[in-house]
Amino acid sequence: MSICKNDPVRFILASVLVLLLLSAMPAAMPGLTGTSGLRFVINDSSLMAVPAELQNGCSMVPVQHFSQVTGAAYAQLPSNTVSLTKGNMTLNLTPGSLDLVSTDGSQTMPASPYIKDGLTYVPLRCLCEKLGIAVQWNAETRVISLTSEDSRDGMSAKALLSKASAADASRAACKVTSRSHSSIFQSDGAILSDLTIDAQEWIRQHPYAVYLDQQTRDNQTGLATRHQFIVTDKHIFSKTGESSWLASASGVNGLMAHRDEIAAKSPEDPSALSEARPVCLFGDDAIYEGKPCYVIKQYDSPAVFQQNLQAFLPLLGDTAAGEDAQTLIRGMTFQSFRTIYIEKGTYHQAGSVIFEEIAIHAPSQDTPYARFHIESSHHYSDAGFYAPEGVPGL
C-alpha cells in the first residue's frame, strides 16, 4: 500500500494490512529469537540502530541495513549471492563463502555471510572500507560513525526528498501500480505464509480520496482474493470479494481527521541525534522506466514507528474495539527500507522499491510470535482519479 507519499495514511492502513496477513497465519507460532544491536551515526546527523551479531570478531548486519547505512544498491543473485554496488565499485559475496569478488579483484573476508530468519547477514567493516566509506568506532559510546558525504543540485538527500514531497503534493491526481510479496516466518526460518499482492491505486489530492484495488494470491494454496478500499479525509471503507462495503471501526475512521497529528514528530532539539528521524542517503543516479532519476535510500526505524504511536493511539478511543486495536498496534514493531526514484527536472516520484519488516508481540512477551517480510515495488504515473460507481464515502 502506498498512499502517494502520505505517510500518516500509510501508518493507519498498516494495521489493516497486518489483519489481512494474519488471516493466512496459523493460530500459534513459536517465538523468534532476537539479536543484539549496533548504533550508527550517519554523516554526523542521523542516528540508526541496527541488529547485529558477532562472528569471528566481525560485526555482521543484515544486507538491507547495510544498504541503508551506506547508500549502496544491492541485488539478490542466483545461489543467494548478494551483489552490492556504490559508484564504480561492485561487490559479490555468497553465504557460506569467505570470498569477496569485487570490480578490482578478489579477497578473503574475515567472516562469511549467512542467512538467518530470511535475512542475509554480511560483514560490516570490510565491505564499508571496500566501498570507500570511512568507519570510526567510539568505544566509550559504543557508536559507529560512517562518513560518505554526497549532494545533488546542491541539496542533501533529506532536502531533495522534501522538495519531491512538495512536488508530489502539487499533483492533482496520480495512479500507483504495485506488486508486493509478503512472507510470514517462524523461528527456524520456515515460511508459514507466502502471498503475492497486485494493486492499483488512484489518488486525488483535493478533496483527498484514494481508491485501492488489491488482488491477493496465496502462493501455497492458489487461493485468490480481491480486497478494495476507499479512503477519504474522514472515512475508510473496505470490501472483500463480492461482499458489501463495510465502514472501518469508528475509532479508525476518526483518525482520518487527525492525519497531521499522526505524522512522525521530530525531537524537540533538532541538533540532537535521534533514532526517531528517518535516515536518508543518496544512491547512484539511475534510469527508471526510461526516466533519468535521483535515487534516495530511506530507512524508517522502529523508533520512527514508536514516535507515530504517541499521536496515533490516543485517537483510537476507549471503546472495546479501540482497546483491541490499541493492543494489536502496541504489540507491533515496524521498520522500512525504501529506494526512492525521483524524476530529474520535475522532482516527481517515479517509483520506489520497499522492504518492510513487521514483528507482532503478544502482551508481556519480549519475542515476537510473528514476523512479516513485505517486499514491494511501486510505479507512479499522472492519471485522473478513478473509483467504481456507487462506492461509499465519495
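If you're wondering where the values come from, they're calculated on a predicted model, not measured in any experiment. Sequence positions are assigned chain by chain, starting from 1 and proceeding in written order. Predicted model: local features are reported for residues with pLDDT of at least 70 only, side-chain atom pairs are reported and counted for 80 or more only, and whole-chain, interface and lining totals are derived from all residues. Note that water and hydrogens are dropped before the side-chain values are worked out from all heavy atoms of the structure.

**Observations regarding the overall build of the protein**
Numbering goes from the N terminus for both helices and strands, where a helix is a DSSP run of H or I of at least four residues and a strand is a run of E of at least two. The secondary structure content of the protein amounts to eight helices and 24 strands. Only protein chains enter the area calculation, which uses a 1.4 Å probe; residues under 20% of their type maximum are buried, those over 50% are exposed, and those in between are partly exposed. The 394 residues of the protein split such that 51% are buried. Here a residue-residue contact requires only that any non-hydrogen atoms of the pair lie within 4.5 Å. Sequence separation of 24 or more characterises 56% of the internal contacts of the protein that already satisfy a separation of 6 or more. For the accessible areas, the method is Shrake-Rupley and the probe is 1.4 Å, while residue cover comes only from the protein chains on display. A total accessible area of about 17500 Å² is found for the protein, and carbon and sulfur atoms account for 50% of it.

**Observations regarding the pairing of strand β8 (residues 105-108)**
The side chains of a regular strand alternate between the sheet's two faces. The pairing criterion is simple: DSSP has to find at least two bridges between the two strands. Here four bridges tie strand β7 (residues 99-102) to β8, and the two strands are oriented antiparallel to one another. The residue bridging Val-101 from the neighbouring strand is Ser-106, located in β8. The loop that links β7 with its antiparallel partner β8 comprises two residues.

**Considerations on the side chain of Arg-338**
Note that Arg-338 resides in strand β22 (residues 332-343). We define a polar contact as two N or O atoms separated by no more than 3.5 Å, with the added condition that, inside protein, one atom must be a possible hydrogen donor and the other a possible acceptor, whereas residues neighbouring each other in sequence contribute only through side-chain atom pairs. A polar contact of 3.5 Å, which involves the side chain of Arg-338, links it to the side chain of Asp-300.

**Considerations on the pattern of salt bridges**
Here, a salt bridge means any side-chain nitrogen of Lys or Arg that lies within 4 Å of a carboxyl oxygen of Asp or Glu. Taken as a whole and assessed by the stated rule, the structure comprises eleven salt bridges. Residues Lys-344 and Asp-285 are paired through a salt bridge, measuring 3.0 Å at the closest nitrogen-oxygen approach. Taken together, the positions of Lys-344 in the loop between β22 and β23 (349-360) and Asp-285 in the loop between β19 (279-282) and β20 (286-288) put the pair 59 residues apart, joining distant regions of the chain. Among the residues examined, Lys-344 registers a relative accessible area of 34% and is labelled partly exposed. A relative accessible area of 36% places Asp-285 in the partly exposed class. Through salt bridges with shared partners, a single ionic network connects Arg-152, Asp-285 and Lys-344.

**Considering the packing of aromatic side chains**
Aromatic rings from Phe, Tyr and Trp, taking only the six-membered ring of Trp, are treated as a pair when their centres fall within 6.5 Å; an angle between ring planes under 30 degrees marks them as stacked, one over 60 as edge-to-face, and anything in between as tilted. Enumeration according to the criterion identifies eight aromatic pairs in this entry. Ring plane angle 5° and centroid distance 5.2 Å describe the contact between Tyr-114 and Tyr-121, whose orientation is recorded as stacked. Across the pair, Tyr-121 and Tyr-114 agree in class, each one buried. Note on Tyr-299 and Phe-337: the rings are 4.9 Å apart at their centroids and 35° apart in plane angle, and the pair reads as tilted. Within this pair, whereas Tyr-299 is found in strand β21 (residues 291-300), its partner Phe-337 is found in strand β22, the two being separated by 38 residues in sequence. Like Tyr-299, the residue Phe-337 is buried in the burial classification. Charge-over-ring placement is defined geometrically: NZ (Lys) or CZ (Arg) within 6 Å of the ring centre, and within 35 degrees of the ring normal. The cationic tip of Arg-152 hangs over the ring face of Phe-282; the distance from NZ or CZ to the ring centre is 4.5 Å. Over the aromatic face of Phe-385 sits the side chain of Arg-204, whose NZ or CZ is 4.7 Å from the ring centroid.

**Here we look at the environment of Gly-71**
Examined against the element boundaries, Gly-71 turns out to sit in the loop between α2 (63-70) and β4 (73-76). Assessed through its relative accessible area of 4%, Gly-71 is described here as buried. Remark: the alpha-carbon pair of Gly-71 and Lys-297, spanning 226 residues in sequence, is separated by 6.2 Å.

**Let's talk about the sheet that holds strand β5 (residues 82-86)**
The five strands lie next to each other as β4-β5-β6-β7-β8, forming an open sheet whose pairing is antiparallel. A strand with exactly one partner marks an edge of an open sheet, and here the two such strands are β4 and β8. Strand-to-strand twist in this sheet, taken as the mean axis angle between neighbours without regard to direction, amounts to 20°. Where β5 and strand β6 (residues 89-93) come together, five bridges link them in antiparallel fashion. Bridging across to β6, Val-82 finds its partner in Leu-93. Lines fitted to C-alpha atoms define the axes, with helix axes restricted to the stretch in contact, and inter-axis angles between N-to-C directions lie between 0 and 180 degrees. In this fold α2 packs onto β4 and β5, with an angle of close to 5° to the strand it touches most, β5.

**With respect to the nonpolar core**
Counting residues in hydrophobic clusters, the biggest one holds 38 residues, and the most contacted among them are Phe-40, Phe-66, Leu-84, Leu-127 and Leu-146. Here the element with the most residues in this core is helix α3 (residues 124-130); it accounts for four residues. Those residues within four positions of Leu-127 in sequence are excluded, and the remaining contacts are Phe-66, Leu-84, Leu-91, Leu-93, Leu-100, Met-109 and Val-122. Residues enter a nonpolar core if they are buried and are Ala, Val, Leu, Ile, Met, Phe, Trp, Tyr or Cys, with the set joined through side-chain atoms within 4.5 Å.

**A short note on the confidence of the model for the protein**
pLDDT is a per-residue confidence score from the predictor, ranging from 0 to 100. With 73% of its residues at a pLDDT of 70 or more, the protein has an overall mean of 78. The model gives residues 1-6 a pLDDT under 50, and that stretch makes 30 contacts with residues more than four places away or in other chains. For the stretch residues 8-35, pLDDT sits under 50, and the model shows 83 contacts to residues farther than four places along the chain or on other chains.

**Focus: the environment of Phe-282**
As for its placement among the helices and strands, Phe-282 is situated in strand β19. As for Phe-282 and Val-295, which are separated by 13 residues in sequence, their C-alpha atoms are 5.9 Å apart. Excluding residues within four positions of it along the chain, Phe-282 makes contact with Gly-71, Lys-86, Asp-150, Ser-151, Arg-152, Met-155, Ser-156, Ala-157, Leu-160, Val-295 and Ile-296.

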